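Spelled out, the chains give:
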Amino acid sequence: MADTEDLNDTYPGAGTFQFGDSKEMCQRLIDLVRKGKKTATCGAARDFEDEPEAMPVVGRCDIAANWDTTPALVIRTTAVHKIRFCDVPEELALKEGENEALVGWRKDHKAFFKRNGGYDPEMMLIFEEFELVEDLDGRAL
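Residues numbered from 1 in each chain as written. Predicted model: local features only at pLDDT ≥ 70, side-chain atom pairs only at ≥ 80, totals over all residues. Heavy atoms only, no water.

Student: Which residues make up the side chain of Thr41, and what are the values?
Tutor: Relative to the helices and strands, Thr41 resides in strand 2 (residues 40-44). For Thr41, a relative accessible area of 14% gives the class buried. Those residues within four positions of Thr41 in sequence are excluded, and the remaining contacts are Phe19, Glu96, Ile126, Phe127, Glu128 and Phe130. (Helix = DSSP H or I, 4+ residues; strand = E, 2+ residues; numbered from the N terminus. Buried < 20%, exposed > 50% of the residue type's maximum accessible area, 1.4 Å probe, protein only. Contact = heavy atoms within 4.5 Å.)

Student: I'd like to hear about a negative patch on the surface, residue by residue, with values.
Tutor: A grouping of Glu49, Asp50, Glu51 and Glu53 is seen on the molecular surface, where their side chains present a negatively charged patch. Examined against the element boundaries, Asp50 turns out to sit in the loop between strand 2 and strand 3 (61-65). (Patch = residues over 30% accessible without salt bridge, like charges linked within 9 Å, V, L, I, M, F, W, Y side chains within 5 Å. Areas by Shrake-Rupley, 256 points an atom, 1.4 Å probe, with all protein chains shown as cover. Salt bridge = Lys/Arg side-chain N within 4 Å of Asp/Glu carboxyl O. Lys, Arg positive; Asp, Glu negative; His and termini not counted. Charge placed at Lys NZ, Arg CZ, Asp CG, Glu CD.)

Student: Before we move on, can you summarise the environment of Asn66 with the specific residues and values?
Tutor: With respect to the secondary-structure elements, Asn66 resides in the loop between strand 3 and strand 4 (71-84). With a relative accessible area of 16%, Asn66 lands in the buried category. When the C-alpha positions of Asn66 and Gly20 are compared, they lie 10 Å apart, and in sequence the two are 46 residues distant. Each residue touching Asn66, except ones within four places of it in the same chain, is listed here: Gln18, Cys26, Gln27, Ile30, Pro71 and Ala72.

Student: Run through the sheet that holds strand 4, naming residues and quoting values.
Tutor: With mixed pairing, five strands are arranged side by side in an open sheet as 1-3-4-5-2. Sheet topology places strand 1 (16-17) and strand 2 at the edges, where each strand pairs with a single neighbour. With two bridges connecting them, strand 1 and strand 3 associate as parallel partners. Counted as the bridge partner of Phe17 is Ala64 from strand 3. Relative to strand 4, helix 2 (residues 23-34) is tilted by about 90°, and along the sheet it contacts strand 3, strand 4 and strand 5 (124-135). Those strands touched by helix 4 (residues 102-115) are strand 2 and strand 5, and its axis lies near 40° from that of strand 2. (Pairing = 2+ DSSP bridges. Axes fitted to C-alpha atoms, helices over the stretch in contact; angles between N-to-C directions.)

Student: Tell me about the pairing of strand 2, and please be specific about residues and values.
Tutor: With five of its five residues buried, strand 2 lies for the most part within the structure. Side-chain alternation along strand 2 places Ala40, Cys42 and Ala44 on one buried face and Thr41 and Gly43 on a second face that is also buried. Where strand 2 lies against strand 5, five bridges are found, and the strand directions are antiparallel. Residue pairing across strands places Ala40 opposite Glu129, the latter belonging to strand 5.

Structure, rendered in structure tokens:
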């Protein structure tokens, strides 16, 4: 608990979240952020309906946690887009750092959303662009 309290003092108002839906995916996505390849993420807009405070806010820092919930990274939101899945442009999709082309992003994200509440090509997404503020790996919390 003291770890979180320290980070909340350093980054007031920060929320905590995890990338992906498995331990392996979470670690792979954290590694992409660390390498500077992942500068965006997205989620289904429906996932924010019951938790509006989790909605990304431009300028706010948030803590990306490892799968075991320990803090991994601090990111700052630089842009937020509300956009339908079918309207996501390649430039934005590729900022997620997971694919080389829009077709791969669509295939992978369609499968992800099917596993996590359902997929519809016209579903609304919350697309967040961010910058890495601090890598907490090895930080004495």
